[in-house]
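Breakdown of the fold
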2 protein chains.
Amino acid sequence: MRTPLRDLDTPCLLLERPLFLSNLRAMQDSVARAGKRLRPHAKTHKCSRVSRAQLDAGAVGVCAAKLSEAEALLAAGVEPVLVTGPVVTQAKLERVAALRSAGRRLSLAVDSEEAARRLESACARAGAVAEVLIDVDPRLGRTGVSVARAPSLADFIGTCRHLRLAGLQMYAGNVQHLQDHAERRARSLELMGEGAELFRELRRRGFAMTVFTGGGTGTFDIDTGVPELTDLQVGSYAVMDVQYLGLGSREDPAAFGHFRPALRVLSTVLSANARGHVTVDAGLKTLYRDTPAPAVAAPAGGAYAYDWYGDEYGKVSVPSGAPALAVGDLVEIVPSHCDPTINLFDRLHVVEDGAVVEVWPIDLRGKSQ
Amino acid sequence: MRTPLRDLDTPCLLLERPLFLSNLRAMQDSVARAGKRLRPHAKTHKCSRVSRAQLDAGAVGVCAAKLSEAEALLAAGVEPVLVTGPVVTQAKLERVAALRSAGRRLSLAVDSEEAARRLESACARAGAVAEVLIDVDPRLGRTGVSVARAPSLADFIGTCRHLRLAGLQMYAGNVQHLQDHAERRARSLELMGEGAELFRELRRRGFAMTVFTGGGTGTFDIDTGVPELTDLQVGSYAVMDVQYLGLGSREDPAAFGHFRPALRVLSTVLSANARGHVTVDAGLKTLYRDTPAPAVAAPAGGAYAYDWYGDEYGKVSVPSGAPALAVGDLVEIVPSHCDPTINLFDRLHVVEDGAVVEVWPIDLRGKSQ
């Protein structure tokens, strides 16, 4: 199958395979050089085929944010899966216990005694044992237990006969998008250093923990400097977006050039009645609104700029001197923020040399439960 | 079926039926009093069951923004459908011609000779006749032909043997959310007045047009004052959101109280480790990020406030003195912007007296093509 882009119904989502594979290799190589492992996050791409490609490239497992994502991954044969967000309701915990009883390689992050108690109870009823990581709060106050209270939570988990404490998780989401590499580095090492100290302390107390997982794309070349960290939970690196492409890097403070923009929304010019801009069929329902604005990747060379034009439309500015855009022309746009944009689509069109060569279902789309 | 809210897997979308039905009645009554008709927009709710309820309440047809939405509505037996955005690609126009050949009541908005020429060609090949409206630009530059160039487009459509010009469409999206009712009124009447003058002029020239459709929820009680306007394309009134609830109205400049907040995202408290706030499982992937922020509808009386906490989570502030929220508690949240939020879900849980009584598929979800 080789479908030309002009035969696609727009707006739709493209994945440039050579750039995507180059991103997978670059991250895997970087992590391997540092003696770490990769546990990439599926919340970014919502696609079990992408997770499969990451495992094939050397990842030791994958992450999911929510249980329903993990269930979709397991249904596609992708495991082991770590659910990085708290799972607290009775119905969800019963599903976890059933999956564990069935021998599925699923582990959970836990950040409170209440959540641990509920999981213990569900596993006891099912005769299952769950592997858990303590989620440690990087002073963000979102999820995670504080470093100070983590030992007490570890002690509590130690009393639960159906829970096995496998390690720690710490994701400094508040650091990933700090623009300056030096500041990002200092702040991330400070926070992850607190997690590392906790990791050593709990091991000293006799907890046989083997995993300290965390980090994101913004700190992929920083957190590897934490000796205790065992694996990275990076997500966006696989497809990239304007937010991450604009970060400063160590080599070049003005560009985060380790990874390439593999993801685009393909759109069509619907209206060209105005001077200086045209209207395309991709609005905030297909390019999730975030900052900075999406970038026009093709046609190249025209310095075209995208801005949202309401729910259904986008405004593509055509600077004087740039080739005009006409009704029916195709425009490729790099999203501002990859995670919520991918979650708006049902399919990834995998592109090579300007044609679609495969279509991958976004089978975790809408799995926010 | 009566499913208690606590048995739902969260986050999920709730539609409070009594408030929803009261909104349908309020709009239908208002429009009828003014001698106008209702052609409500399905781009807001993305649900053919809601469109069906609007037709049952007296609407003369419905609108869709994109052809794929219209196709989903027709598949569910909802018609007539007007596609309010330009349809310009060969493949899409062939689908339109096929639907017209099959006798489906589908009409299109057209805003350029190029689009009209392509539609004429597709209809000629299929032996079909398409009913079209000229989309008139309310000086927004998004879609639509200018008032000045509209007569020439009408003349061109008049030469097309497979197109029948049924009227005009004009949607002043740039006016709907002006905070002050008097300003909104003045600006909308000025713009819609230009459309009305064009409507009279084209009728004078012999075009047998019967429809002048336009307007939105923000100007529902304003545009009815335009004598030429035949029907309103309102959408958000059916479910409402924080954006529209905060508008000034004629009766009360500080509140747009004609319609009630029928839509909520049901979420669960995942983490309660911090002082002054808890973390819920609804983030920017389930409450589309827009301004102003979503509002906490339940538990009521606590003056709780919602803010986004990344892709997966929300932060619910608990003021001192308000009842505490604990892990596992349910929180109901009114979205900032209804259209893109509904588009994130697959099902509407229809609620009455605190229990789910029906589940409606959001069958137009993701239909952005």
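Above this text is the structure in question.
Computed from a predicted structure; not experimentally measured. (Residues numbered from 1 in each chain as written. Chains lettered and ligands numbered in written order. Predicted model: local features only at pLDDT ≥ 70, side-chain atom pairs only at ≥ 80, totals over all residues. Heavy atoms only, no water.)

**A few points about unusual backbone geometry**
- Cis geometry marks the peptide bond from T10 of chain A to P11 of chain A, where omega comes out at -5°.
- Within the secondary structure, P11 of chain A is located in the loop between β1 (3-4) and β2 (12-16).
- Phi at K46 of chain B takes a positive value of approximately 55°, unusual for a residue other than glycine.
- Relative to the helices and strands, K46 of chain B is located in the loop between β3 (37-38) and α2 (48-56).
- Residue K46 of chain B is classed as buried on the basis of its relative accessible area of 1%. (Helix = DSSP H or I, 4+ residues; strand = E, 2+ residues; numbered from the N terminus. Buried < 20%, exposed > 50% of the residue type's maximum accessible area, 1.4 Å probe, protein only.)

**What to know about the pairing of strand β15 (residues 314-317) of chain A**
Residues and elements named next belong to chain A.
- By the alternation rule, side chains of β15 split into G314 and V316, which are all buried, and K315 and S317, of which none is buried.
- Bridge count between strand β12 (residues 277-280) and β15: 4 bridges; the pairing is antiparallel. Bridge assignment links V278 to a residue of β15, and that residue is V316.
- Inspection of the sheet shows strand β14 (residues 305-308) paired to β15 by 4 bridges, in the antiparallel sense. The residue bridging D307 from the neighbouring strand is K315, located in β15.
- Where β14 folds back onto β15 in an antiparallel hairpin, the turn is made up of 5 residues, including G310, whose phi is positive at roughly 95°. (Pairing = 2+ DSSP bridges.)

**Re the packing of helix α5 (residues 113-126) of chain B against helix α6 (residues 150-158) of chain B**
Residues and elements named next belong to chain B.
- Direction vectors running N to C along α5 and α6 enclose 15°, while the axes themselves pass 10 Å from each other. When the interaxial angle is binned, α5 and α6 end up roughly parallel. α6 is crossed by α5, and the crossing has right-handed handedness. The residues of α6 that touch α5, namely those facing E113, A116 and R117, are S152, L153, F156 and I157. (Axes fitted to C-alpha atoms, helices over the stretch in contact; angles between N-to-C directions. Parallel < 35°, antiparallel > 145°, perpendicular 65-115°, else oblique. Left-handed = near helix turned anticlockwise from the far one by under 90°. Contact = heavy atoms within 4.5 Å.)

**Considerations on the relation of the copies chain B and chain A**
- Here chain B sits on chain A after a turn of 180° about the axis and a move of 0.0 Å along it, with an RMSD of 0.0 Å. The relationship between the two copies is best expressed as a two-fold rotation axis.
- A shared interface surface links the copies, since 100% of the contact residues of chain B are contact residues in chain A too. (Least-squares fit on C-alpha atoms with pLDDT ≥ 70 in both.)

**Focus on the interface of chain B and chain A**
- Listed by partner, the interface residues are 59 residues for chain B and 59 residues for chain A.
- Summed over the shared surface of chain B and chain A, the number is 10 salt bridges.
- R365 of chain B is the salt-bridge partner of D346 of chain A, the closest N and O atoms lying 3.1 Å from each other.
- Run the count over chain B and chain A and you get 44 residue pairs in polar contact (both at pLDDT 80 or more).
- When contributions to the side of chain B that touches chain A are tallied by element, the ones reaching two or more residues are α4 (90-101), α5, β11 (263-271), β12 (277-280) and α9 (338-342) of chain B.
- No other element matches β11 of chain B, which puts 4 residues into the side of chain B that touches chain A.
- Along the lines of polarity and charge, the residues of the side of chain B that touches chain A split into 17 nonpolar, 21 polar and 21 charged. (Salt bridge = Lys/Arg side-chain N within 4 Å of Asp/Glu carboxyl O. Polar contact = N/O pair within 3.5 Å; in protein donor to acceptor, adjacent residues only side chain to side chain. Nonpolar A, V, L, I, M, F, W, Y, C, P; charged D, E, K, R; others polar.)

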